[in-house]
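Each chain is listed here by its residues.
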Amino acid sequence: MGSDRDDAAEAGTVVTPSAEFPPLGDEERAALGRIGERWRGPRRADDLPVDPTLGRHDRHPAPTRFGRLAPIDMFTVAQPDELVATGAADLPGDRAGRAAARLRRALTGPPLSSASVLYERMRKLVALPVLSSDLLSSVAYGPEAMLVVLVLAGSAALGLALPLAAVLVVLMVAVGLSYRQTISAYPHGAGSYIVAGDNLGRTPGLAAAAGLMLDYVLTVAVSVAAGVHAVTSALPGLNSWVVPLGVLVIVLLLAGNLRGVRTAGNIFVLPTYAFVVALVAVLAVGYAKAAARGFAPVPPPSVPAVEGLSLLLVLRAFSSGAVSMTGIEAVSNAVPAFRPTEWRNARTTLGWMIAMLVTLFAGLVGLIHLDGLVPRADETLLSQLGRVTFPSGPWYAILQATTALILLLAANTAFNDFPRLLFFMARDGHAPRRFLHMGDRLAFSNGLVALALTAAVVFVAFGGHTERLIPLYAVGVFLAFTLSQTGMVVHWRRRRGPGWRRRLAVNAVGAALSGLVLLTAAVAKFTEGAWVVVLAVPLLVLLFRRIHTHYARLHRALALHPPPPAPPAEGDELPQQVRHLVVVPVARLNRASLRALAYATSLGRPTLAVHLAPEEAEADRFREQWRAWGDHLRLETIVSPYRSVIGPLAHYLEALHAASPDLTLTVIVPEVVLRRRRYRLLHSRAEQRLRVALRALPGVVVTSVPVHVS
């Protein structure tokens, strides 16, 4: 098993702020050295007209009308060739921008340094309720979903609930054990997407990712719809406010998760534990009463049959009851969110989740059978069970309150896993690279916002009606389950380590049962809305492949190659020379950045390269790449521990300008020019944002060096 973990680690699945800055491959490093051998430019480190470290002047730069804070306060000198941006460097220079930044920090909290990423992880007792809220909340409606189908064949068919529940328990255990094995084999997260892609190929991996993404969006929409329905059932006067209330809940969930993984976890811990305690109380008291009468089941009321009892109806009931398993994959996707040792803590937490799910699901189905309850249109089965178990006292009200609360907060599981899935897909080039970026609070802010917006659109489009959303629910998640299980079967056949046959058998059972649920749900609920998911999955896979094709083409266009005999046409252009310091921001060393450096050096003026790194390790790695290139220009490295780029860079340039106001700074930014407009959303427009940030500062010119990519 150790070799499996090593292989996964080598695959680069560790979540760090440096993921936005991938290292160079061996071939590109070799090409970089050959290019550097032919480079001709200024080599002296002291030929710049201003001190780039901002720390060796006798007189510190004073505040200017364009910067109310002294620029020197924006940075500290860590090493002779490195600056560290302070939190103030991220503040915009204009009044409206600073007001917006203060409002954002009031809502989400102050920014966290990249070095805090390890401390923002969750311990097991916090991770359990955060990642299990979706899974455990589904037992509030999963048993009822199964019985609603069975009762169509009359009250006599309700006796099939117990054997069906037993099969579902087998499915839960098989899938749960499979994901425990997945965590051990792939200890850095990504779950179904990585497993299916690694063992079955890229397209199955993307299909699993598409299914999970649809499931996460629907989890938010369905959970919020069910929670709002529970609230409006208690307060009928709010029925006309269903959609605004649901959107408000989604906004509140977004705001809570933007505060970071650890803070959001602390917010959502209590409701989940309260729900579990309430259900355990129901089961304890209910089975005690059943024991007092010798476990004799109460005859259910007579319900006429509207359909004949058939194999298709039984399979529909089975697939409907399987919605109790949605969310079981959450831990495998969020392994990096755990404290070390991550995979071991994640596997332990998943074991607790499986035990709680099986206990609560089987316990509720058995107690409903013993109490002779049948589904009713005007009251949920869980509410009926609560009334029978607690005919007096506050426990019924507590049960209903905790049920409504966990249904609302069950969406939080999706807010944890959806952005991480997008991170892994963006790392592989199948999603826009902006989803690699960690926000102020070390959360994947772009992914969180994307999930909230998509879920809000789905919620509004379906009017907040749970019954309209449920048919879309099971297909996506069981597609991911099936592909993940099948992928693990292939994994064990390839590795053939100790006990591989036993592990393969567990995954094979899970794959077969998950595939049965997938096929049944897709066929039986196709006309009820499942067709949307059946159509959406291949369309999403096609979109992911097109995004990957674009990034692959871009990488080939910008990859470093040995220098050609003649320079390219775009490298011959020269502007009029002025007395200036040329500053070239360099994010990574590729053909675009080297063209900008070559253009800057050809001006014959002092040139300074500036690299902003999110953490010390990436700064060291870039300096090593710079030396491999030949160290032809003075490099100033700024560590931006809050992962902001534009703010620290703008304040650094303002500090250089304040140190020598008579100097013209020419900032040369490489700009990738795309011929097709539809690809522009896949790229950040850093040069435009930098130009806006420096617009009010005189003596600073921003020049773009275009690199055309067809």
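Just so it is clear, the structure is predicted and the values come from calculations on it, not from any experiment. Each chain has its residues counted from 1, following the order in which its sequence is written. Owing to the predicted nature of the model, reporting of local features is limited to residues with pLDDT of at least 70; listing and counting of side-chain atom pairs is limited to 80 or more, with chain, interface and lining totals taken over all residues. Side-chain figures throughout are based on the complete set of non-hydrogen atoms in the structure, without hydrogens or water.

Colleague: Any chance you could explain the confidence of the model for the protein here in plain terms?
Modeller: Regions with low pLDDT carry predicted coordinates that are not meant to be interpreted in detail. Of all residues in the protein, 88% attain a pLDDT of 70 or more, and the chain-wide mean is 80. Segment residues 1–13: pLDDT under 50, and 24 contacts once partners within four positions in sequence are set aside and those in other chains are kept. A low-confidence stretch, residues 65–72 stays under pLDDT 50, and its non-local contacts, those more than four residues away or across chains, total 23 contacts. Confidence of the predictor at the level of single residues is given by pLDDT, which spans 0 to 100. The criterion used for residue contact is that any of the two residues' heavy atoms lie within 4.5 Å.

Colleague: What is the right way to read the pairing of strand E5 (residues 634–639) from this model?
Modeller: Regular strands place side chains that alternate from one sheet face to the opposite one. Only protein chains enter the accessibility calculation, which uses a 1.4 Å probe; a residue whose area is less than 20% of its type maximum is buried, one above 50% is exposed, and one in between is partly exposed. The secondary structure listing takes helices from DSSP runs of H or I that are at least 4 residues long and strands from runs of E that are at least 2 residues long, numbered from the N terminus. For E5, the tally of buried residues reaches six of six residues, placing the bulk of the element in the interior. The side-chain alternation of E5 yields two buried faces, one formed by Arg634, Glu636 and Ile638 and the other by Leu635, Thr637 and Val639. Across three bridges, the pairing between strand E2 (residues 82–85) and E5 is parallel. Bridge pairing in E5 links Val84 to Val639. Throughout, right-handed denotes a crossover for which the path from the first strand over the helix to the second runs clockwise when the strands point away from the viewer. The β-α-β motif built from strand E4 (residues 607–613), the intervening helix H23 (residues 616–629) and the parallel element E5 has right-handed crossover chirality. For two strands to count as paired, DSSP must find a minimum of two bridges between them.

Colleague: Would you explain the packing of helix H24 (residues 646–659) against helix H25 (residues 686–693) in this entry?
Modeller: Packed helices, taken two at a time, are described by their axes: the angle between them and the distance between them. Axis separation between H24 and H25 bottoms out at 10 Å; the angle between their running directions is 45 degrees. By the angle between their axes, H24 is oblique relative to H25. Crossing geometry of H24 relative to H25 is assigned as right-handed. In this structure, H24 uses Ile646, Leu649 and Ala650 to contact H25, whose residues at the interface are Ala686, Arg689, Leu690 and Ala693. Axis lines are fitted to C-alpha atoms, over the contacting stretch for helices. Their N-to-C directions set the angle, which ranges from 0 to 180 degrees. With respect to orientation, any angle under 35 degrees is reported as roughly parallel, any angle over 145 as roughly antiparallel, any angle of 65 to 115 as roughly perpendicular, and every other angle as oblique. Less than a right angle of anticlockwise turn of the near helix away from the far helix marks a crossing as left-handed, whereas a clockwise turn marks it as right-handed.

Colleague: What should I look at first to understand the side chain of Arg643 in this one?
Modeller: Take Arg643: it is sitting in the loop between E5 and H24. Look at Arg643 and you get buried, because its relative accessible area is 4%. Polar contacts, as used here, are pairs of N or O atoms within 3.5 Å; protein pairs need one atom able to donate a hydrogen and one able to accept it. Residues neighboring in sequence count only if both atoms are side-chain atoms. Within the structure, Arg643 has its side chain in polar contact with the backbone oxygen of Met438 (distance 3.3 Å). A polar atom in the side chain of Arg643 sits 3.0 Å from the backbone oxygen of Pro641.

Colleague: Just checking my understanding: could you explain a nonpolar patch on the surface for this structure?
Modeller: A grouping of Phe526, Trp531, Val532, Val534, Leu535 and Leu539 is seen on the molecular surface, where their side chains present a nonpolar patch of about 530 Å² in accessible area. Structurally, Leu535 is set in helix H21 (residues 526–558). Patch rule: a residue counts if its relative accessible area is over 30% and it has no salt bridge; like charges are joined within 9 Å, and nonpolar side chains (Val, Leu, Ile, Met, Phe, Trp, Tyr) within 5 Å. In these tables, accessible area is a Shrake-Rupley quantity obtained with a 1.4 Å probe, and a residue counts as shielded only by the protein chains included in the view. We count a salt bridge whenever a side-chain nitrogen from Lys or Arg sits within 4 Å of a carboxyl oxygen from Asp or Glu.

Colleague: Before we go on, may I ask you to explain the nonpolar core in this structure?
Modeller: The nonpolar side chains of a soluble globular protein tend to be buried, and buried together. In terms of nonpolar packing, the biggest core is built from 160 residues, with Leu131, Leu150, Leu171, Val220, Val224, Met425 and Phe478 touching the most fellow members. No other element matches helix H8 (residues 202–234), which puts 18 residues into this core. Not counting residues within four places of it along the chain, the set of residues in contact with Leu131 comprises Met122, Gly327, Ala330, Val331, Ala334, Phe338, Met353, Thr413, Asn416 and Asp417. Among buried residues, those of type Ala, Val, Leu, Ile, Met, Phe, Trp, Tyr and Cys that are joined through side-chain atoms within 4.5 Å constitute a nonpolar core. By size, the runner-up hydrophobic cluster in this structure holds 30 residues, among which are Leu54, Val583, Ile646 and Ala655.

Colleague: Explain a positive patch on the surface here, please?
Modeller: Residues Arg546, Arg553, Arg556, Arg676 and Arg678 make up a contiguous surface patch of positive charge. A residue is classified by how much of its surface remains accessible, and Arg553, at 32% relative accessible area, is partly exposed. All tallies of charge rest on Lys and Arg as positive and Asp and Glu as negative; His and the ends of each chain are not included. Positions of charges follow a simple convention, taking NZ of Lys, CZ of Arg, CG of Asp or CD of Glu.

Colleague: When you look at the environment of Arg595 in this model, what are you seeing that I'm missing?
Modeller: By secondary structure assignment, the location of Arg595 is in helix H22 (residues 591–602). Owing to a relative accessible area of 11%, Arg595 belongs among the buried residues under this scheme. As a C-alpha pair, Arg595 and Pro706 span 111 residues in sequence and 9.0 Å in three-dimensional space.

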